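Summary of structural features
Below are the chains, spelled out letter by letter.
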Amino acid sequence: MSRSGREILLGVGGGIAAYKSADLVRRLQDSGYLVTVVPTPASLNFVGSATWEALTGRPVQTQVWENVHAVPHISLAENADYIVIAPATADLIARLAQGRADDLLTNIVLASAVPKLIVPAMHPEMWHDRATADNVEVLRNRGFVVMEPDVGRLTGSDVGAGRFPDSGSIISELSAIVGRTSDLLGVKILITAGGTREAIDPVRFIGNRSSGKQGYAIAQAALARGATVRLVSANCDLPIPQGAQVTPVETADQMQDALEEFFEDSDVLVMCAAVADAKPRNLSEMKIKKKDLHSIELVANPDLLATISHNRKAGQIIVGFAAETSNLELHAQNKLDEKGLDMIFVNDVSGGAIFGSDQTHGRFLFKDAPGIEIAPTSKDTLAHELLNQVRNRLS
Ligand code: CTP
């Protein structure tokens, strides 16, 4: 993600419509976007690198083997706010659907989590072919926005669906994505993720199975939608979402300190972390020998969420999570009420389900609206649904 929030990485596929993307570059620039072009090697048969370099004032590269020291697929992926692939040929769509990484552009697509707009252009027979239709469906299911090509005259004498849409339609499609994805611009979101650990001795601790995946997915989604994200991360072994400000913590007490430091200046708190409910009364400085390890006296940790929510300012939104193995709705409703939350997501964690998985399911309960059932879905999708609910409640 870039500082400007308006960096477009334009991938150009090897179709005759590549020349029309020269106009698209200009129109994107007129609309205030900064454009870097990454052509596929095949597309250079239609439009050479010099054209793209002259239009964008930026260097152009097609293969991962150039400028290797700069790790271009990662640096370009990190700098992009949106990826637009125009024109996308049948072959390029097939390679994207398969997750191939055989040129610089396909490497970047795999390395980037930003919104992606695909603009197909090809002969109608190729567009309507089952293989292409299946590949397009795969990409749409993965969250790519794939435009419908225009209908009309193609190169040669054929007529039908497959024409490259005009630059104006492509930019309005992009604007819709940008509008949709920047709906949390400037909103300050504090997210806790992972599970706290309470030391018993230098070797052992009381912990839990939370991986942090859900909290990290929410952080990633919030960043992509323009939010400022502070992530309080308890014992997670996950890549840091680019752009997040991260405060690592180990224990519930440290998490409480972080919440006290950052909550006042936040618009939203998403308390995704699993906080250990108790800690050993005494921390042994020395490793406890197993013959002495009969029982551990515990003292309760404070309820961080309840404490913070009772000290909140008007307008601050607080989201809790609940992990339950029985009477999900009843327990979650009690937590929503007792902890003074705006909403809560309850997971059924019977048998250790959901912990560490990329999938989740459960139910949202709200202070102000009927609950919503969430059928099995990815933690990324849940993150966006949670943020939609938050956005609707921001004043
Ligand atoms: N939570 C908290 N501080 C604690 C315990 C939990 O802030 N000491 C927060 C969690 O981050 C979560 C919510 O409270 O957002 C519910 O956590 P959960 O573990 O499901 O419930 P508990 O309150 O711990 O109750 P119980 O263990 O009895 O189910």
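Let's shift gears to empty space enclosed by the protein. If you walk through the whole model with that rule in mind, you get one cavity of 30 Å³ or more. Reported here for the largest cavity is a volume of approximately 40 Å³. Breaking the lining of the largest cavity down by element, the ones donating at least two residues are β1 (7–12) and α3 (72–79). For the lining of the largest cavity, the residue count by class is four nonpolar, two polar and one charged.

Summed over the entire model, instances satisfying the criterion amount to 22 salt bridges. Taking the shortest distance from any N to any O, the salt bridge between R95 and D102 comes out at 2.6 Å. Between D183 and R225 there is a salt bridge, and its shortest N-O distance comes to 2.8 Å. Note that D183 is positioned in the loop between α8 (167–181) and β8 (188–194) and R225 in the loop between α9 (213–224) and β11 (228–234), a separation of 42 residues in sequence. We classify R225 as buried; its relative accessible area is 4%. Connected via shared salt-bridge partners are D91, R95, R100, D102 and D103.

With respect to the helices and strands, D201 occurs in the loop between β9 (198–199) and β10 (205–206). Looking at D201, its side chain comes within polar contact range of the side chain of R204, at 2.5 Å. Within the structure, D201 has its side chain in polar contact with the backbone nitrogen of I288 (distance 2.9 Å). Look past the residues within four positions of D201 in its chain and what remains in contact with it is L283, S284, M286, K287 and I288.

With that out of the way, let us pick up the domain arrangement of the chain. Taken domain by domain, the chain holds domain 1 (7–181) and domain 2 (188–394). Computed over C-alpha atoms only, the centres of domain 1 and domain 2 are separated by 39 Å.

This next bit is on the site of the ligand. Around the ligand, the structure places 14 residues, and the nearest of them are M271, A273, L305, K335 and K339. Interatomic distance of 2.9 Å between a side-chain N/O atom of D277 and an oxygen atom of the ligand. Here an oxygen atom of the ligand sits 2.8 Å away from a polar atom, N or O, in the main chain of L305. Bound to the protein, the ligand loses 77% of the 560 Å² it would expose on its own. Counting atoms within 2 Å of the grid points, the majority share of the ligand lands in the second largest pocket. For the shell around the ligand, the secondary structure elements donating two or more residues are α11 (304–309) and β16 (317–324). Counted by class, the shell around the ligand contains nine nonpolar, one polar and four charged residues.

Turning next to the sheet that holds β1. Read across the sheet, five strands follow the order β2-β1-β3-β4-β5 without closing on themselves; strand pairing throughout is parallel. Of all the strands in the sheet, the pair left with one neighbour each is β2 (34–39) and β5 (145–146). Across two bridges, strand β4 (residues 116–120) lies against β5 in parallel orientation. Bridging across to β5, I118 finds its partner in V146.

The next thing to look at is the nonpolar core. Across soluble globular proteins, nonpolar side chains show a tendency to be buried alongside one another. Counting residues in hydrophobic clusters, the biggest one holds 33 residues, and the most contacted among them are I189, I218, V270 and L386. Mapped onto this core, the elements with two or more residues apiece are β8, α9, β11, β13 (268–271), β16, β17 (343–348), β18 (359–366) and α13 (379–393). When residues in this core are grouped by element, the largest group, seven residues, is from α9.

What follows is about the UniProt feature "domain: DNA/pantothenate metabolism flavoprotein C-terminal" (unreviewed entry) in the chain. UniProt marks residues 185–392 with the feature "domain: DNA/pantothenate metabolism flavoprotein C-terminal" (unreviewed entry), using the numbering shown here. Segment residues 185–392 splits into 26% helix and 30% strand. End C-alpha atoms: 14 Å apart.

Let us now look at the environment of F364. Examined against the element boundaries, F364 turns out to sit in strand β18. Considering only alpha carbons, one finds F364 and G13, 351 residues apart in sequence, at a separation of 42 Å. Ignoring anything within four residues of it in the chain, the contact list for F364 reads M343, I344, F345, G371, I372, I374, L382, E385 and L386.

Our next topic: helix α5 (residues 104–111). With six of its eight residues buried, α5 lies for the most part within the structure. Taken together, the buried positions of α5 are L104, L105, T106, N107, I108 and V109. Buried residues along α5 sit in contact with β1, β2, α3, β3 (82–88), α4 (90–98) and β4. Its side-chain oxygen placed 3.3 Å from the backbone nitrogen of L105, D103 serves as the N-cap of α5.

For an α-helix, the turn length of 3.6 residues means that residues three or four places apart are oriented alike. When we look at burial in α4, the residues that qualify are A90, L92, I93, R95, L96 and A97. Residues of α4 that are buried make contact with β3, α5, β4, α6 (124–128) and α7 (130–141). After α4 finishes, the residue G99 shows a positive phi value of roughly 75 degrees.

Calculation notes
- Residues numbered from 1 in each chain as written.
- Predicted model: local features only at pLDDT ≥ 70, side-chain atom pairs only at ≥ 80, totals over all residues.
- Heavy atoms only, no water.
- 1 Å grid on protein atoms, 1.4 Å probe; cavity = no way out; pocket = protein on both sides within 12 Å on 5 of 7 lines; lining within 4 Å.
- Points joined across faces, edges and corners; volume = space filled by probe spheres on them.
- Helix = DSSP H or I, 4+ residues; strand = E, 2+ residues; numbered from the N terminus.
- Nonpolar A, V, L, I, M, F, W, Y, C, P; charged D, E, K, R; others polar.
- Salt bridge = Lys/Arg side-chain N within 4 Å of Asp/Glu carboxyl O.
- Buried < 20%, exposed > 50% of the residue type's maximum accessible area, 1.4 Å probe, protein only.
- Polar contact = N/O pair within 3.5 Å; in protein donor to acceptor, adjacent residues only side chain to side chain.
- Contact = heavy atoms within 4.5 Å.
- Domains from an automatic or database assignment.
- Near = heavy atom within 4 Å.
- Areas by Shrake-Rupley, 256 points an atom, 1.4 Å probe, with all protein chains shown as cover.
- Sits in = over half its atoms within 2 Å of the grid points.
- Pairing = 2+ DSSP bridges.
- Core = buried A, V, L, I, M, F, W, Y, C linked by side-chain atoms within 4.5 Å.
- UniProt positions renumbered as here; feature names shortened; annotations may be inferred.

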